[in-house]
Amino acid sequence: MKQTKILLPETEMPKQWYNVAADLKNPPAPPLGPDGKPMDPSAMSAIFADNIIEQEVSDQRWIDIPDPVREIYQQWRPTPMFRAHRLEEALGTPAKIYYKYEGISPAGSHKLNSAIPQAYYNKVAGINRLTTETGAGQWGSSLSLAGQMFGIDVRVYMVKVSFQQKPFRRSMMQTWGGEVLASPTDMTETGRNILAQDPNNQGSLGIAISEAVEEAVSREDTKYSLGSVLNHVLLHQTIIGLEAQKQFAMVGDSPDMIFAPCGGGSNFGGVAFPFFAEEAAGGKQTRLVAVEPTSCPSLTKGHYAYDFGDTVGHTPMTLQYTLGHDFMPPGIHAGGLRYHGASSLVSQMYHEKLIEAVAVPQVATFDAGVQFARAEGIIPAPESNHAIRACIDEALRCKESGEEKTLFFNLSGHGHFDMVSYDKYLNKELEDYEYPQSEIDAALERLPKTAL
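For clarity, every value in this text was computed on a predicted model and none was experimentally measured.

A. Seen up close, the packing of helix H1 (residues 50-57) against helix H4 (residues 112-124). As a packed pair, H1 and H4 sit with axes 8 Å apart at the nearest point and diverge in direction by 130 degrees. If you check the angle between H1 and H4, you find them oblique. Packed against H1, whose contacting residues are Asn51, Ile52 and Gln55, the element H4 presents Gln118, Tyr121, Asn122 and Val124 at the interface. Among the residues forming the contact of H1 with H4, the class breakdown is three nonpolar, four polar and no charged.

Structural data, given as C-alpha cells:
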C-alpha cells in the first residue's frame with residue numbers, strides 16, 4: 001500500500017522554536033511610539049507580560065519550549081502529515097502533494113500552538129486575566145481553552161460579522177469559559193465612537209484589537225494576547241514547519257514549494273520559516289508562497305510603511321505591508337484573513353524578495369476546498385482553502401509542463417463550524433470582491449504622519 005500518513009512519534013516533537021529574525025541579513029525594524037521614534041521594549045509592558053516582550057524582541061535563533069507547554073502540546077502534537085494521493089489522481093498531475101493537518105488540535109486549528117505558551121507565560125508572570133480579539137473564532141477558541149488550562153479568565157472581542165456567521169465558534173469559547181462580545185461593543189470608548197458613526201458597523205480585526213487593547217491598558221489585572229502578526233506568535237507557530245521537516249525526512253522527500261494562508265502571518269510563518277532556515281544555512285532553496293484574499297491584499301497591493309496594528313492607534317507602529325489601519329474589509333467568509341496588515345517579519349521577507357505572495361478570489365478558494373474535500377475527505381476551514389487553491393493551481397501548471405514538483409501546504413484547520421459558508425457557496429450565494437485600487441491609494445494618505 002502507498003504511504004498516506006507520515007506520523008512523527010511524540011518523542012520527536014521539537015524541543016525548541018525557531019526564530020527567523022536570527023537569520024535575516026537586515027535586523028527587523030523597531031516598533032515606533034506615538035512620537036515616531038523607536039520604542040523601548042519596556043513601553044509595551046502596559047499591554048504584554050515582560051516574558052512575552054522578551055520573546056518579541058529576541059534575536060536568538062532557538063528558544064526552548066517550556067516543559068509544561070510541551071506536555072499540553074502532546075495532547076495533539078505532533079500533527080500528521082499526509083500525502084494527497086487521491087487529490088493528485090483527481091488533478092491528473094505529476095506533482096506530489098503533501099499537507100500538514102493542524103485541524104486535529106482540540107480547538108480545530110493551528111492557533112492553539114501560540115495560545116498555550118501565551119497563557120503559560122502570562123500565568124508565570126502572575127497574570128490571571130487576558131483580553132483578545134478574534135475573527136473567524138479560531139484564535140478566541142484557542143485562547144479560551146488555554147486560559148482554562150492555566151486558570152486565566154479570557155474576554156474575547158469577536159468581529160461582529162463573524163459573531164453572526166459562526167455561532168458555534170462562539171459556543172466553543174463559552175464552553176471553555178471564555179466571555180465573548182460582538183465587536184464593536186458599547187463597553188469601550190473605541191466601540192462607542194465607532195457605533196456612533198455607524199450603528200450597523202460589521203466590525204474588523206483592527207477594531208476588535210483596539211477594544212481588547214483599550215481594556216487591557218485600563219486594568220492592572222489584565223494583559224492583552226494576540227493571535228497573529230507579532231514576532232512571538234510566529235515563533236510559537238514554527239513547531240509546524242519543524243515537525244514537517246522531520247516528516248519529510250522520514251519519506252526521503254522535501255518540498256519545492258510551500259503554500260500557506262496569510263492574514264496576519266502566523267499560519268504562513270509557522271510552516272515556512274523553518275524551511276527558510278535551511279536556505280539560510282546553505283541548504284535547499286524552497287519557494288515560500290503566502291496566499292491572501294483579493295479582498296484583503298495587504299502583501300500584493302498594500303503599502304510598505306509604518307502603521308498601527310489596530311484601527312484606533314492604541315498599539316505601537318510597526319513596519320509592514322498595510323492597507324491602512326482604518327481599512328474596513330468586506331464580510332468575506334475567511335474571517336481569519338480579514339486584517340489590514342501583515343506581520344513585520346513576513347512583510348520584511350516579502351520586501352526583500354525572500355518569499356512570494358499571491359491573492360486569490362473567494363469563490364475560487366471554495367471551489368478548491370470542495371474539490372479537496374471530495375478527494376481527501378477533510379472539509380477545510382475557509383482560510384485554509386486559500387493555500388489549497390494556490391497549491392492546486394501549481395499542480396495544474398505541473399500537469400501542463402510535465403514537472404514533477406513536490407508541493408506542500410498547511411491545512412491550518414477544519415471547516416466543521418464554517419458550514420454556513422459552504423452552504424452559501426453550494427447555493428451560489430458567495431461573491432468575489434476585489435479591493436479597489438483607489439481605496440488602497442487613499443489609505444496611504446491616512447497613514448500615521450509621524451512615521452512617514
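Structure shown, so let's carry the discussion forward.
B. Molecular detail of the side chain of His303. Tracing the sequence through the fold places His303 in strand S12 (residues 303-308). Excluding its chain neighbours within four sequence positions, the residues that come into contact with His303 are Gln320, Tyr321, Thr322, Ile440, Asp441 and Leu444.

C. Fine view of the packing of aromatic side chains. Taken as a whole and assessed by the stated rule, the structure comprises 17 aromatic pairs. Seen from their ring centres, Tyr99 and Phe409 are 5.4 Å apart, and the 20 degrees between their planes marks the pair as stacked. Here Tyr99, found in strand S5 (residues 96-101), pairs with Phe409, found in strand S15 (residues 406-411); they are 310 residues apart in sequence, far enough to count as distant. Phe409 shares its class with Tyr99; the two are buried. An aromatic cluster of three or more residues is present, and its members are Phe82, Tyr99, Phe372 and Phe409. The ring centre of Tyr98 lies 5.6 Å from the NZ or CZ of Arg83, which sits over that ring. A cation over a ring is seen here: Arg170 above Phe163, with NZ or CZ 4.2 Å from the ring centre.

D. Just unusual backbone geometry, in detail. Here Arg77 and Pro78 are connected by a cis peptide whose omega angle stands at -5 degrees. Pro184 follows Ser183 through a cis peptide bond whose omega is 10 degrees. In this fold, Pro184 is placed in the loop between strand S8 (179-183) and helix H8 (189-197). You will see that Val229, though not glycine, has its phi angle at about 70 degrees, which is positive. Locating Val229 in the fold gives a position in the loop between strand S9 (223-224) and helix H10 (231-237).

E. Here's a closer look at the sheet that holds S5. Pairing is mixed in the open sheet, where seven strands are placed in the order S1-S4-S5-S15-S10-S11-S14. Strands with a single pairing partner mark the edges of an open sheet, and in this sheet they are strand S1 (5-6) and strand S14 (356-360). Looking at chain direction, strand S11 (residues 287-293) and S14 are connected through five bridges and run parallel. Bridge pairing links Val291 to Val358 in S14. Packed on one face of the sheet, helix H11 (residues 239-250) meets S1, strand S4 (81-83), S5 and S15 and runs near 135 degrees to S5.

F. Quick peek at the nonpolar core. Grouped together as the largest cluster of nonpolar side chains are 88 residues, with contacts concentrated most on Trp17, Tyr73, Ile116, Tyr224, Phe268 and Phe408. A per-element tally of this core places helix H12 (residues 266-280) first, with seven residues. Judged by nonpolar contacts, the second largest core, of 27 residues, contains Ile97, Tyr99, Ala387 and Leu407.

G. Fine view of the pattern of salt bridges. Counted according to the given criterion, the structure contains 19 salt bridges. Note that Arg77 and Glu102 form a salt bridge whose closest N and O atoms lie 2.7 Å from each other. Here Glu102 lies in the loop between S5 and H4 and Arg77 lies in the loop between helix H2 (67-73) and S4, a separation of 25 residues in the sequence. On the basis of relative accessible area, Glu102 is assigned to the buried category, the value being 0%. Between Arg169 and Asp418 there is a salt bridge, with the nearest N and O atoms lying 3.9 Å from each other. On the criterion of sequence distance, the pair formed by Arg169 in helix H7 (residues 167-175) and Asp418 in the loop between S15 and helix H17 (419-426) is long-range, its members being 249 residues apart.

H. Up close: helix H5 (residues 138-150). Here H5 contains 13 residues, and its C-alpha end-to-end distance of 19 Å stays within 8% of the 18 Å for a straight helix at 1.5 Å per residue. Of all 13 residues making up H5, 11 are buried, and the element is well covered by its neighbours. Those residues of H5 that fall on the buried side of the exposure criterion are Gln138, Trp139, Gly140, Ser141, Ser142, Leu143, Ser144, Leu145, Ala146, Gly147 and Phe150. At its buried positions, H5 is contacted by H2, H4, strand S6 (129-134), strand S7 (153-159), H7 and helix H16 (382-401). At the C-terminal side of H5, Gly151 shows a positive phi close to 70 degrees.

I. Looking closely at the pairing of S7. In terms of burial, S7 is a largely internal element, six of the seven residues being buried. Pairing between S6 and S7: six bridges, direction parallel. Bridging across to S7, Thr134 finds its partner in Met158. Relative to S8, S7 runs parallel, the two being bridged by five bridges. Looking across to S8, one finds that Val159 is bridged to Ser183.

J. Focus on the sheet that holds S9. Strand order in the open sheet made by the four strands is S8-S7-S6-S9, with parallel pairing throughout. Of all the strands in the sheet, just S8 and S9 have a single pairing partner and so form its edges. Where H5 meets the sheet, its contacts fall on S6 and S7, and the angle it forms with S6 comes to roughly 165 degrees.

K. How the structure looks around the layout of surface pockets. Quantified by volume, the largest pocket comes out at close to 560 Å³. Of all the secondary-structure elements, those providing two or more residues to the lining of the largest pocket are H1, helix H9 (205-218), strand S13 (317-322) and helix H14 (344-351). Class assignment for the residues of the lining of the largest pocket results in 21 nonpolar, seven polar and two charged. Lining the second largest pocket are Asp23, Leu24, Lys25, Asn26, Phe276, Glu279, Ala280, Glu352 and Leu354. In terms of residue class, the lining of the second largest pocket is built from four nonpolar, one polar and four charged.

Conventions used here
- Residues numbered from 1 in each chain as written.
- Predicted model: local features only at pLDDT ≥ 70, side-chain atom pairs only at ≥ 80, totals over all residues.
- Heavy atoms only, no water.
- Axes fitted to C-alpha atoms, helices over the stretch in contact; angles between N-to-C directions.
- Helix = DSSP H or I, 4+ residues; strand = E, 2+ residues; numbered from the N terminus.
- Parallel < 35°, antiparallel > 145°, perpendicular 65-115°, else oblique.
- Contact = heavy atoms within 4.5 Å.
- Nonpolar A, V, L, I, M, F, W, Y, C, P; charged D, E, K, R; others polar.
- Phe/Tyr/Trp six-rings, centres within 6.5 Å; stacked < 30°, edge-to-face > 60°.
- Buried < 20%, exposed > 50% of the residue type's maximum accessible area, 1.4 Å probe, protein only.
- Lys NZ or Arg CZ within 6 Å of the ring centre and 35° of its normal.
- Pairing = 2+ DSSP bridges.
- Core = buried A, V, L, I, M, F, W, Y, C linked by side-chain atoms within 4.5 Å.
- Salt bridge = Lys/Arg side-chain N within 4 Å of Asp/Glu carboxyl O.
- Expected span 1.5 Å × (residues − 1).
- 1 Å grid on protein atoms, 1.4 Å probe; cavity = no way out; pocket = protein on both sides within 12 Å on 5 of 7 lines; lining within 4 Å.
- Points joined across faces, edges and corners; volume = space filled by probe spheres on them.

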